[in-house]
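An overview of the molecular structure
Here are the chains, one letter per residue:
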Amino acid sequence: MNLSLELMLQLCIIMPLLATFAIVATGRYPNLREGVTIATCLALIFLVVNLYQGLSAGESISVYWWELLPGLTISFDIEPLGMLFALVASFLWLVTTCYAIGYMRSHQEKNQTRFYACFAVAIGAVMGLAFSANLFTLFIFYEVLTLSTYPLVTHAGTEKAKKGGRVYLGILLSTSIVFFLLAIVSTWLVAGTLDFKLGGVFADDVDKVIASILLVLFIFGIGKAAIMPFHRWLPAAMVAPTPVSSLLHAVAVVKAGVFTVLKVCIFIFGLDLLAELPSTQFLLYLAGASVLLASLIAMRQDNLKARLAYSTVSQLGYITIGALLATSSGVIGSSMHIAMHAFGKITLFFCAGAILVTLHKSKISEMRGIGLQMPITMLAFFIASLSIIGVPPTGGTWSKWYLMMGTIETEQFVLMVILMLSSLLNIAYLLPIPFHAFFPNLTSFKASEELNNTTKISDKRLSGFEIKEAPLPSLIAIVVTTLGCLTLFIYPQPLFDLASAILTGRE
Amino acid sequence: MITHLPILQVIIPLMAAPLCLLLNRSRLVWLFSLLVSGLAFTISVLLLQQVMTSGVISYELGGWQAPWGIEYRIDQLNAFLLLIISGISTVVLFAAHTSIEKEIPKDKHTYFYILYLLSLTGMLGIVATGDAFNVFVFLEISSLSAYALIAMGQKRQALWASYQYLIMGTIGATFILIGIGLMYQMTGTLNMQDLSQRLPEVAQTRTVFVSFAFVIVGVCLKLAMFPLHLWLPNAYAYAPSIVTAFFAATATKVAVYLLIRFTFSVFGLSFSFTTIPLQTLFMALGLIGIFVASTTAIYQSNVKHLFAYSSIAQIGYMIVGFSVSTVAGLTATLLHMFNHALMKGAIFLALAAVIYRIGNVELKSFRGLGRQMPLTMAAIVIGGLSLIGAPLTVGFVSKWYLLTALVEQGWWPIAVLILLGSMLAVVYVWRVIEVAYFKEPLQQNIKVKEAPMSFLIPIWTLVIANIYFGIDTRLSVQVAQAAAQSLFGVSP
C-alpha cells in the first residue's frame, strides 16, 4: 500500500470512529460485528507500526486539520512519547478485543454492540490524544475519552453501576473542567501558545508564582492520572465489565492521564523550568503519598478488582513522580513504565476476569487453590505480579530501575525510600494471591503431622476438580500479554530508544 | 428591493399575521407561517452579509430623515440577533403543526399562528429599529402576543403563569417607557444615534440617572435576570411546548440585546460603567443567579421547570460576560446568546416531542425513554453536554471565551466560580440522563415509540448545529467579535 504517513496518521484517529458505524450497522450479526472490530484493530496496528518506522527513519509527521478558534488549531504531530503510547494502546486493543469476545459471550452480557462501539470511539480518542500537537487538541480528545467510556463503565445498567458512573464522571469531568480547562486558558494567555514544544512554551522570565499555580492546576486537573485525592473514580469504575477495566483502566484512560502529565511537564513547562518551581516539590510529595497510601489501601481490599485498582493508583503515582523529577532518567523511567505497567496490569485484570467467568469468584479470600483448576491463568498472574513489583525476569524491572536512578540523581531520598517501600508493599498484596492459589495449605506447614493429613484430605478433595480454564480467546489474550511482560525484559531496546528520544527530539 | 430589506424583515411577518385569518385551515396556515418565517430568515442572512461586507445600514422609514422620522439601523449586533431569532423561529415552526395538534384545540390553531407571527414581528422589530420609542412599541407587540400564547397552554396553571408574566412584563415595559420618556424630556429626541450624542451633555443630571435606572430595571425584568426571574419558570413550563422552545431560545436574547444596546450605544460606555457601579452589581447578580438557579434546577421534578431554571442560570453567564465590559467579555456574551439559542432550542423541542408522545415531562415519566425514544433522548444528551460546555459543542466555545475574558482581567476567582457553576449543570443534566437510561419504563409508557419525523428533523437540525458551530466557529466568532468591537468603537 502506498499511503503517505500524514494520511496514516489521520486514519489512525478516523478509522476507529468509522468502525463505530460499521459495528452498529452489523450489530445483529455478532460474528460479523466482532470481525469488524478485529479487522480495525489489525489495520490500526499496521498503521501505527508504519508510523513508527517512519518516525524511526527520522521523518517528521504532522497534520493540520482546522482552526477551531482563532489561534487554536486541531493538529497532530508525532513525537516519540506519543508514538510509544499509541503503540502500546493499539496493540493492547487487539489483545483486549480477543479477550472480550471470550469474556462477553461466556458471561452473556447484554448490549454488546454498544460495548464494542464505545470501545472503538475510546480508542480513536486515545489515538487523537497520543498524536496531539497542542494542548487544545489534547484536551478535546481527553474529554471525548471521558464521555465515550461512561457508557462502558455503567454497562451493567444496575443501581451500583449508576453510582459508580456518577463518581467516575463527576470526578473526571469536574477536575478537567474546573482545573484543567482553567490551566489551559491561563497558559494560553500567559504563553500565547499551546503548541507542545521541547523545552516548554513559557518565556524565561515567566513569573514563578503563576507558573507554580499553573502546575498545581494541571496536576490536579488531569484527574485521569488519579493522584490522590482525585483517585476515587478509578475504584468506582471497577463496576465495569472486566475487559473495560483491563484496557481502559489499566491502559487507555489512566495512561492517557499520566501521558498528559508527561506531555505537560516536558513540552509545556520544560524540565528546566519544572525543576525550579517551588510547587514541584510539593507535588512530588503528594504523588509520593499517593503511591504509599494507595498501596496500603490495596492491601486491605478483598475484592480482587478493587485491589488491582488501588494498585494502579499507586503505580500511576510512580509515573507522575518520574515526570516531576525533571531529569532525563525520570522521564525515561516514566515513559517506560507506561508500557511496562500496561502489560503487567492488563494481564492481572485479564486473570481477574477469567476467574470471574469460569469460577464466578471475585473475592481474594475465596481464591485458595484455584491454581490447580486454572494453572495457566494463575501462572500468568504470578509473572504479571513480578512485573508490577519490578523484579527480573519481567519488564517492570527496567522502568523501576530508571525511576530509582532519577530519585538518586536529584537526591530525593525520601521519595527513593517511598518507592522502595511501595515495592515491598506490592509484594505483600500481590504475591500471596498466586501462592495461595497453588498451595492452598500453605499456612498449615507448621505441624507436619497435620500437614500430611490435610494434604491427603485436600488431595482427595482436589482430585474432584478438573482443569477448567478461561474461554480460549481469553486464554490466548492472557498468554500474549504475559509473554509481553517477559519479552520486554529481554528485549527492551526499542522501547528504551523511544523513551530516550523524547528529550532529544527525533530519533 | 435590496435597499428595503431592513423594513421587509419586520413588515413581512406583521402583514402575514392577519392574512392567516383568511386561510383559516390549520395545515395551510402552518405552511404559510413557515414560509413567512423562512422568508424572514433569508432576509436576515442577506442583511448579515451586507453588514459584514459594507458596514452599517441605515434605513429611513417612509423616507423621513432621521431625527424626525423613524430610522432602522442595522449593524453587526442587530444583524446577528435577527439571524438568531428568525432562524430559530423557522426551525421551531417546522415541528409546530404536529406538536399543537395534541396541545391546542383545533379551532384555535389559526390564532396560534397569528400570535406566533406577531410575537416574531415584535422581536424582530425591537432588534431592527434605531428608535427608542419604537422599541417600546415592538416590545408591547411581542409581549402581548406572548401572554396570549402562554395562556394557550394545556393546563389551568398556564393562565396563572401568563397572568404572572403579564404583571411583571407590564411593569418592565412601563419602566422602559418611563425611562425613554425621561430621556426624551432631557434631549428632545428618540433616535438612539441622536440620544447617544446628546445624553453626555446632560449626563450629570438626576433625570438622566433616574431614566437610566428605569430602563435598566425594566430590561432586567424582561431579561429574567436574578432576582427578577420569578415569572420565567412557570411561563416556560406551562406554555405550549412549541412556544417554550421558541421563547427559551429567543425572548431573553432580545432582552439581553436591549441591555447591551442601551448601556453601550445609548448611554455610552463611560456613563454606564464608570459613573454607575453597574459592573460590580451585575457581576455579583450574575454569579448569584448562576448558582441559585442551577441549584434550584437540580431539585425540580418537572423537566421543563428544570431547563427553565437552567435558562436563568445561562442568563447569568451572559450577564457576567457583559459586566466584564471588555471586548472579550462582550464577545463571550454575544457568542453565548447564539450558542444558548441552539442548545435550548434543541432541548425544548426534544421536550415537546416527549410531551407529544407521553403527555407530560415529569422526571419520573422519563424512565426508560433512552431505549424507547433513542433519537430524542440523544438530542437531550448532546444539548445537555453543550450546556455543560463539553468540547466540540457550542457550549465549549462560549465557555472558552468567557474564561479568556475573565482570566485576561486577572479575575481568577470568578473564573473558578464560573467553572464550578458548570459542574452544577452536569448534575441537573445527568439527573435526566440517569432516569432515561437506567430505569425501567413505567407501565403506561411501555408502548411509547420514537417521535415522528416532523419532530426529529428540526430537533436534529439544531443538534447538528450545536456540533457544527462548535467545530466551525468562523461565523459565530467573527460576527460576535465584529459586533463587540464596533460597540466599543474599536476598528477591527
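Calculation rules
- The written sequence of each chain sets the order in which its residues are numbered from 1.
- Following the order in which they are written, the chains are lettered starting with A and the ligands numbered starting with 1.
- Residues qualify for local features only when their pLDDT is at least 70, as the model is predicted, and side-chain atom pairs are given and counted only at 80 or more; totals for whole chains, interfaces and linings, by contrast, use all residues.
- Numbering of helices and strands runs from the N terminus, with a helix taken as a DSSP run of H or I at least four residues long and a strand as a DSSP run of E at least two residues long.
- Radius of gyration here is computed from C-alpha atoms only, and the compact-globule reference equals 2.2 Å multiplied by the residue count raised to the power 0.38.
- Here the C-beta atoms are placed from the backbone, and a residue counts as buried if at least 20 other C-beta atoms lie within 10 Å of its own, exposed if 12 or fewer do, and partly exposed otherwise.
- Whether two residues are in contact is decided by their C-beta atoms, placed from the backbone, lying within 7 Å.
- All amino acids are sorted into three groups, where Ala, Val, Leu, Ile, Met, Phe, Trp, Tyr, Cys and Pro are nonpolar, Asp, Glu, Lys and Arg are charged, and the leftover types, Gly among them, are polar.
- One requirement defines pairing of two strands: DSSP has to find at least two bridges between them.
- Expected span of a helix: the number of residues minus one, times 1.5 Å.
- Values of pLDDT, which run from 0 to 100, indicate the predictor's confidence residue by residue.
- Each axis is a line fitted through C-alpha atoms, taken for helices only over the stretch in contact, and angles between the N-to-C directions span 0 to 180 degrees.
- Angles below 35 degrees are treated as roughly parallel, those above 145 as roughly antiparallel, those between 65 and 115 as roughly perpendicular, and all remaining angles as oblique.
- Note on convention: near helix rotated counterclockwise from far helix by under a right angle means a left-handed crossing. Clockwise means right-handed.
- The arc under discussion is defined with respect to the helix axis, by the directions toward the C-beta atoms.

Here's the deal with the overall build of chain A
Within chain A, the regular secondary structure consists of 20 helices and two strands. For chain A, whose C-alpha radius of gyration is 22 Å, the value lies close to the compact-globule estimate of 23 Å for 507 residues. Each principal axis of the C-alpha atoms in chain A carries an extent, and together these give about 75 × 55 × 45 Å. Expressed as a percentage of its 507 residues, the buried residues of chain A come to 58%. Intrachain contacts of chain A at a sequence separation of at least 6 include 79% that bridge at least 24 residues.

Regarding the overall build of chain B
In terms of helices and strands, chain B carries 20 helices and two strands. Over its C-alpha trace chain B gives a radius of gyration of 21 Å, about what one expects of a compact globule, namely 23 Å for 492 residues. In terms of overall dimensions, chain B has a C-alpha envelope of 70 × 60 × 40 Å along the principal axes. Put simply, chain B has 492 residues, and 61% of those count as buried. Contacts spanning at least 24 positions in sequence make up 80% of the contacts within chain B whose residues lie at least 6 apart.

So, the interface of chain B and chain A
Contacts between the two partners involve 22 residues from chain B and, on the opposite side, 18 residues from chain A. Mapped onto the side of chain B that touches chain A, the elements with two or more residues apiece are α17 (394–408) and α18 (412–438) of chain B. Broken down by element, the side of chain B that touches chain A gets its largest block of residues, nine residues, from α18(B). Broken down by class, the residue content of the side of chain B that touches chain A amounts to 16 nonpolar, four polar and two charged.

Focus: the pairing of strand β2 (residues 72–77) of chain A
Of the two faces of β2(A), the one holding Leu72(A), Ile74(A) and Phe76(A) is buried and the one holding Thr73(A), Ser75(A) and Asp77(A) is not buried anywhere. Connecting strand β1 (residues 62–69) of chain A to the antiparallel partner β2(A) that follows it, the hairpin turn spans two residues, and Gly71(A) within it adopts a positive phi of roughly 85°.

Some details on helix α4 (residues 109–128) of chain B
In a regular helix each residue adds 1.5 Å, so 20 residues correspond to 28 Å; α4(B) covers 28 Å between its end C-alpha atoms and thus fits that length. Taken across its 20 residues, α4(B) has 19 buried, putting it largely inside the fold.

Details of the confidence of the model for chain A
Summing up the model confidence of chain A, the mean pLDDT is 85 and the portion of residues at 70 or higher is 94%. The model gives residues 444–464 of chain A a pLDDT under 50, and that stretch makes eleven contacts with residues more than four places away or in other chains.

Looking at the packing of helix α6 (residues 159–191) of chain A against α18(B)
As a packed pair, α6(A) and α18(B) sit with axes 10 Å apart at the nearest point and diverge in direction by 155°. Taken together, the axes of α6(A) and α18(B) are roughly antiparallel relative to one another. α6(A) and α18(B) meet at a crossing whose hand is right-handed. Here Lys162(A), Leu173(A), Ser174(A), Ile177(A), Val178(A), Leu181(A) and Leu182(A) of α6(A) lie close against α18(B), whose contacting residues are Ala415(B), Val416(B), Leu419(B), Leu420(B), Ser422(B), Met423(B), Val426(B), Glu434(B) and Phe438(B). Counted by class, the contact of α6(A) with α18(B) contains twelve nonpolar, two polar and two charged residues.

What about the packing of helix α13 (residues 328–359) of chain A against helix α14 (residues 375–389) of chain A?
Residues and elements named next belong to chain A. Two elements in contact, α13 and α14, have axes separated by 9 Å at closest approach and are oriented at 150°. By the angle between their axes, α13 is roughly antiparallel relative to α14. The two elements α13 and α14 cross, and the hand of that crossing is left-handed. Mapping the contact onto sequence places Met340, His341, Phe343, Gly344, Lys345, Thr347, Leu348, Cys351, Ala354 and Ile355 in α13 and Thr377, Ala380, Phe381, Ala384, Ser385, Ser387 and Ile388 in α14. Class assignment for the residues of the contact of α13 with α14 results in ten nonpolar, six polar and one charged.

Re helix α16 (residues 413–430) of chain A
The periodicity of an α-helix, 3.6 residues per turn, causes residues three or four places apart in sequence to face the same way. Residues and elements named next belong to chain A. In this model α16 runs 26 Å from its N-terminal to its C-terminal C-alpha over 18 residues, within 8% of the 26 Å that 1.5 Å per residue would give. Residues of α16 that are buried: Leu415, Ile418, Leu419, Ser422, Ser423, Leu425, Asn426, Tyr429 and Leu430. Looking down the long axis of α16, one finds its buried residues gathered within 165° of arc, a one-sided arrangement. The exposed residues of α16 that point more than 90 degrees off its buried face are Phe413 and Leu424. Contacts from the buried residues of α16 go to α11 (278–299), α12 (304–325), α14, α15 (396–409) and α17 (432–438).

Brief notes about unusual backbone geometry
For the bond from Met228(A) to Pro229(A), the omega torsion is 5°, close enough to zero to count as cis. Mapped onto the elements, Pro229(A) comes out in the loop between α7 (208–221) and α8 (233–236). A cis geometry characterises the amide bond from Phe226(B) onward to Pro227(B), with omega recorded as 0°. Among the secondary structure elements, Pro227(B) is positioned in the loop between α8 (206–223) and α9 (232–238). With a phi close to 60°, Ala326(A) is a non-glycine residue in the positive phi region. With respect to the helices and strands, Ala326(A) occurs in the loop between α12 and α13. The backbone phi angle of Leu392(B) is positive, close to 75°, even though this residue is not glycine. Checked against the element boundaries, Leu392(B) lands in the loop between α16 (374–388) and α17. Accessibility expressed as a C-beta count within 10 Å gives 20 for Leu392(B), which makes it buried.

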